[in-house]
Amino acid sequence: MIDKSEKSAPINLSTAEIARFDALAESWWDPNGKYKTALDFNRARLEVIEQQIRQHFNRQHVDAPFDNLSIVDIGCGGGLISEPLAQKGALVTGVDASATSIEVAKRHAKANQIHVDYRHRLASELASDGAQFDVVINAEVVEHVPNQQQLIKECAQLVKPGGLLILATLNRTVKSFVIAIVGAEYVIRYLPVGTHDWRKFAKPSELDAWSGEHLTLKYQTGMTLNPFTGKWKLSASMAVNYLLCFERTLAG
């Protein structure tokens, strides 16, 4: 479906990127598969996401901090973020342009008796429908779409007033080229070659600008991998992997 509000706009997806993720979809949850290090990274990133959600909604000291929070995971893949949040009580919708990834996510959630509303849809379709959520998550997606500004704008539209937008991606720096492309894909090979195009990496300042006037940056952090321990940790440097959290103003 094309966003009805902009019928002349092209569908914001790359068929080559979708085909690549279709081919790898069955590996999403395999602890010994091609995404093994990515799974470790996801666990570390998820801790930050959960902490920021609890803090934003002032739920640090309640027994069920995620209960009844509506969350949408844009580009959910196999459900690595969607499923843990749903397991904690959030009302999670996971959307992805890859039908294969959605089917993998559905099977995994069903096998673990976790409810996630998985849909083979685009962010533009949700925005066109007028859907809004307490939390919108877009993690490692913006670097895979043709029109990055359009995607971030759509994600911003999906955030309820007073809600939270969480964006995670890779910075477009010399260091990210050396580490995320040369190192991760060609030397260490913890990601398949061709997973990323360095030219599509986005700078934090670009995401900030694209998010629009009604969203205010309230938190940012980098994430780095210790090559000796294999552990991910938070970092003041956002030269490679980073995460941003924005609050939508009540009036916006």
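Asker: Please explain the overall build of the protein as it appears in this structure.
Answerer: Along its length, the protein carries eight helices and eight strands. Here the protein, with 252 residues, has 53% of them falling under the buried criterion. If you take every contact in the protein between residues at least 6 apart in sequence, the share linking residues at least 24 apart comes to 70%. Here the protein displays about 12,100 Å² of accessible surface, and carbon together with sulfur accounts for 53% of that area.

Asker: I would appreciate a short explanation of the side chain of Ser98 in the present structure.
Answerer: By the secondary structure assignment, Ser98 is in the loop between strand 2 (91-95) and helix 4 (99-111). With relative accessibility at 1%, the residue Ser98 sits in the buried group. A polar contact of 3.0 Å, which involves the side chain of Ser98, links it to the backbone nitrogen of Ser101.

Asker: I'm lost on the packing of aromatic side chains in this one. Help?
Answerer: Geometrically, a pair of aromatic rings is defined through the distance of the ring centres and the angle of the planes. Scanning the entire structure with this criterion turns up two aromatic pairs. Relative to Trp198, the ring of Phe177 has its centre 6.0 Å away and its plane inclined at 85 degrees; by these criteria the two rings are edge-to-face. With Phe177 in helix 7 (residues 174-187) and Trp198 in the loop between helix 7 and helix 8 (204-210), this pair connects stretches of sequence that are 21 residues apart. Take Phe177: its relative accessible area is 39%, and that puts it in the partly exposed class. Residue Trp198 is classed as partly exposed on the basis of its relative accessible area of 27%.

Asker: What am I meant to see in unusual backbone geometry here?
Answerer: Trans is the common state for peptide bonds, and a negative phi is the common state for residues other than glycine. The backbone phi angle of Gln113 is positive, close to 55 degrees, even though this residue is not glycine. Phi angles above zero are rare outside glycine, and Glu140 is one such case at about 55 degrees. Positionally, Glu140 belongs in the loop between strand 4 (133-139) and helix 6 (148-157).

Asker: What's the story with the sheet that holds strand 4 in this structure? I'm lost.
Answerer: Each strand in a sheet pairs with another by means of backbone hydrogen bonds, the pair being arranged parallel or else antiparallel. Reading across the sheet, the eight strands line up as 3-2-1-4-5-8-6-7 and stay open at both edges, with mixed pairing between neighbours. Pairing within the sheet leaves two strands with one partner each, and these edge strands are strand 3 (117-119) and strand 7 (232-235). Within the sheet, the average angular offset between the axes of one strand and its neighbour, ignoring direction, is 20 degrees. Across five bridges, strand 1 (residues 70-74) lies against strand 2 in parallel orientation. For Ile71, the partnering residue across the bridge sits in strand 2 and is Val92. Sitting on the sheet, helix 6 touches strand 1, strand 4, strand 5 (159-170), strand 6 (215-225) and strand 8 (241-248), and the angle it makes with strand 5 is about 150 degrees.

Asker: What is the right way to read helix 2 (residues 36-56) from this model?
Answerer: The periodicity of an α-helix, 3.6 residues per turn, causes residues three or four places apart in sequence to face the same way. The first and last C-alpha atoms of helix 2 sit 30 Å apart over 21 residues, in line with the 30 Å expected at 1.5 Å per residue. Backbone geometry just after helix 2 places Asn58 at a positive phi near 55 degrees.

Cut-offs and rules
- Residues numbered from 1 in each chain as written.
- Predicted model: local features only at pLDDT ≥ 70, side-chain atom pairs only at ≥ 80, totals over all residues.
- Heavy atoms only, no water.
- Helix = DSSP H or I, 4+ residues; strand = E, 2+ residues; numbered from the N terminus.
- Buried < 20%, exposed > 50% of the residue type's maximum accessible area, 1.4 Å probe, protein only.
- Contact = heavy atoms within 4.5 Å.
- Areas by Shrake-Rupley, 256 points an atom, 1.4 Å probe, with all protein chains shown as cover.
- Polar contact = N/O pair within 3.5 Å; in protein donor to acceptor, adjacent residues only side chain to side chain.
- Phe/Tyr/Trp six-rings, centres within 6.5 Å; stacked < 30°, edge-to-face > 60°.
- Pairing = 2+ DSSP bridges.
- Axes fitted to C-alpha atoms, helices over the stretch in contact; angles between N-to-C directions.
- Expected span 1.5 Å × (residues − 1).

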